[in-house]
Amino acid sequence: MAHALEVTAVSKGFGHTIALDDVTVSLEPGSAVALLGPNGAGKTTFMRVCATLLRPTRGTVRVFGLDARRDGPRIRGRIGLLAHESFLYPDLTPTENLLFYARLFRVGAPEARVRSLIERQGLHGWAHRPVRTLSRGLVQRCALARMLLHEPDLLFFDEPFSGLDLDAATRLAEIIHETRARGATLVISTHDLTRAVALCSSAIVLVAGRVAWSGPIDATDPAALETRYRALSATGPELVPAS
Amino acid sequence: MLAILWKDLRIEMRTKETLSSLLLLGLLTLLILSFAFDPSSELRQPAAPGVLWVAVIFASVLGMNRSLLHEREQDCLHGLLLAPVDRGTIYLAKTTGNIVFMAAAQLFVVPTFVVFFNLPMAQTLIRLSPVLILGVIGLAAIGTLFAAVSLRTRAREVMLPLLMLPLATPLVIASVEASGAVLAGQPLGAVAHWLNLVAAFDAVFLVVGWLTFEYVVEE
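What this report covers is the structure whose coordinates are included nearby. Values in this document were obtained by computation on a predicted structure and should not be read as measured data. (Residues numbered from 1 in each chain as written. Chains lettered and ligands numbered in written order. Predicted model: local features only at pLDDT ≥ 70, side-chain atom pairs only at ≥ 80, totals over all residues.)

### A few points about the nonpolar core
Ranked by internal contacts, the top residues of the largest apolar core, which has 153 residues, are A:Val33, A:Phe156 and A:Ala203. For this core, the element with the highest residue contribution is helix 6 (residues 121-150) of chain B, accounting for 14 residues. Counting contributing residues per domain, this core is built from domain 1 (5-78 + 152-235) and domain 2 (90-101 + 108-151) of chain A, each supplying no fewer than three. (Core = buried A, V, L, I, M, F, W, Y, C linked by C-beta atoms within 7 Å. Buried ≥ 20, exposed ≤ 12 C-beta atoms within 10 Å, placed from the backbone. Helix = DSSP H or I, 4+ residues; strand = E, 2+ residues; numbered from the N terminus. Domains from an automatic or database assignment.)

As structure tokens, then:
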């Protein structure tokens, strides 16, 4: 069975800056992986390369056995990305935004699917107001609905909890659990190690664009992950080889 | 493609930003340039096609800058790029949207031009239509591509005309020449060579845009 994600020797540079340096990662279908690392470690670039938004300078990316260079549209039909920005048009309402993306992703019965997601995300009171007028938490809920519209098999969450209040964060965690329960593969970038341990079964630590460590994490011992993470962040990948 | 077009039209119906900008700039350019020529001057009629196309081009540059600005807010361009479609299709959809907005603006700009230059209304509109349609398609084809190129640059409002206008020179020359001949009373058959040139320009830039858009929008 093909890996959900297979990243082989991928490097990505922006001018003189190397954002990813010889990164090799593979994820089994149904796994949930925390992507950890200090600011500027390359987490967002990694996700964007995997989501076919960026073309790697070197290396290959395969998603469910499909080559990202050749099969971009087919891959994009199976992935979802929740990024820092919502990808929502501020002048359209949540309903209009979701209908637009549903049609773009060729979702069957788009109106019904959008209605169901609006209900599920608790957006019915705001469904017909322009996104520009909504709070950060509501926009994040709507962005989450956008990502889930086509029921992707591989989901990338880029710091999904930042800026959310307690209720919204709890709701997001529930949705992540539900998504995982239906067999989707998850990659969650976060600085919150407690959440990483609660939501994921393994972790990848990126430091300065390189994989400093990857392996399973123990849900019963979040302190162990924190100790390891702090050591890796301080020393960098050159001194701590990936296991 | 229809979904993107529907979305662009929906945003425009709500904000009315692009069309109003296109219209205002087009009409103001016409007004200023028509005042620049004395009504009794012999230069006025020969200058008319140039005046019309200056108004069309200025308005087009502004409109195309605006149309891609919607995609920049909240990083919506990446939302589009995540869609399971060929990225060339996104280019064609954005180009079609720009053609619709530019054509809508011309519905007001061209009659105003006809009035300012004291030309016969129905005859001028009918005879100018093929030239305007082909010219607008070409401007949208090249403008949408370069608006995407300049989207991530700092001085994008300046970058678009700097990139677009030199390459659009053959289109502008052919459109002005064809319009001039048509306004002087020549039949459309007499300007077929200019129209063919504009049509070829349109086809080339639509294909180039469709093929290269994927590389243009990548960081």
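### So, helix 4 (residues 110-120) of chain A
Residues and elements named next belong to chain A. Those residues of helix 4 that sit buried are Arg 113, Val 114, Leu 117 and Ile 118. Buried residues along helix 4 cover an arc of 130° about the axis, so they all sit on one side. Opposite the packed face of helix 4, turned more than 90 degrees from it, sit the exposed residues Glu 111, Ala 112, Ser 116 and Glu 119. Buried positions along helix 4 lie against helix 3 (94-104) and helix 5 (136-148). (Arc of directions from axis to C-beta. Contact = placed C-beta atoms within 7 Å.)

### Digging into the environment of A:Arg129
All names here are of chain A. Structurally, Arg 129 can be placed in the loop between helix 4 and helix 5. For Arg 129 and Thr 95, which are 34 residues apart along the polypeptide, the C-alpha to C-alpha distance reads 8.8 Å. Apart from the residues lying within four places of it in its own chain, the contact partners of Arg 129 are Thr 93 and Leu 134.

### Quick notes on the interface of chain B and chain A
Each side of the interface is counted separately: chain B has 21 residues, and chain A has 23 residues. Of all the elements in the fold, those that place two or more residues in the side of chain B that touches chain A are helix 1 (2-15) and helix 4 (76-81) of chain B. When grouped by side-chain class, the residues that make up the side of chain B that touches chain A number eight nonpolar, five polar and eight charged. (Nonpolar A, V, L, I, M, F, W, Y, C, P; charged D, E, K, R; others polar.)

### What to know about the sheet that holds strand 3 (residues 32-36) of chain A
Residues and elements named next belong to chain A. Ordered in space as 6-7-8-3-9-10, the six strands form an open sheet in which the pairing is mixed. Of all the strands in the sheet, the pair left with one neighbour each is strand 6 (79-82) and strand 10 (210-216). Going across the sheet, the axis of each strand differs from the next one's by a mean of 15°, ignoring polarity. Contacting strand 3, strand 6, strand 7 (154-158), strand 8 (185-189) and strand 9 (202-207), helix 1 (residues 43-50) crosses the sheet at an angle of about 155° to strand 7. (Pairing = 2+ DSSP bridges. Axes fitted to C-alpha atoms, helices over the stretch in contact; angles between N-to-C directions.)

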